[in-house]
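# Architecture at a glance
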Amino acid sequence: MLKRRRIKHTKTLAERLADEAARCREEARALSPGRRREMLLRRARQDETAMQIDAWLQSPGLRAPT
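Residues numbered from 1 in each chain as written. Predicted model: local features only at pLDDT ≥ 70, side-chain atom pairs only at ≥ 80, totals over all residues. Heavy atoms only, no water.

Moving on: the environment of I53. Mapped onto the elements of the fold, I53 is located in helix α2 (residues 35-58). Its relative accessible area of 45% is what places I53 among the partly exposed residues. Separated by 19 residues in sequence, I53 and G34 place their C-alpha atoms 29 Å apart. (Helix = DSSP H or I, 4+ residues; strand = E, 2+ residues; numbered from the N terminus. Buried < 20%, exposed > 50% of the residue type's maximum accessible area, 1.4 Å probe, protein only.)

Let us now look at the packing of helix α1 (residues 13-30) against α2. Contact geometry for α1 and α2: axes closest at 8 Å, N-to-C directions at 160°. Relative to α2, the element α1 is oriented roughly antiparallel. The handedness of the crossing between α1 and α2 comes out as left-handed. Between α1 and α2, the residues in contact are L13, A14, L17, A18, E20, A21, C24, R25, E27 and A28 and R36, R37, L40, L41, R43, A44, R45, D47, E48, A50, M51 and D54, respectively. (Axes fitted to C-alpha atoms, helices over the stretch in contact; angles between N-to-C directions. Parallel < 35°, antiparallel > 145°, perpendicular 65-115°, else oblique. Left-handed = near helix turned anticlockwise from the far one by under 90°. Contact = heavy atoms within 4.5 Å.)

This is the structure in structure tokens:
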């Protein structure tokens, strides 16, 4: 059986998503219009949406009743 790889993250999910979105936007800025540039911009938007969803899920308004 395969062993599961364990990774200890030093940054939060939101920080990792923000870094990835910024990296994608920076790389897209250097490219001319085309498919690769559009894919990078799409990935940046997906990362930003994931950050918003994560923040929404972490908000205190979504706690289960006690």
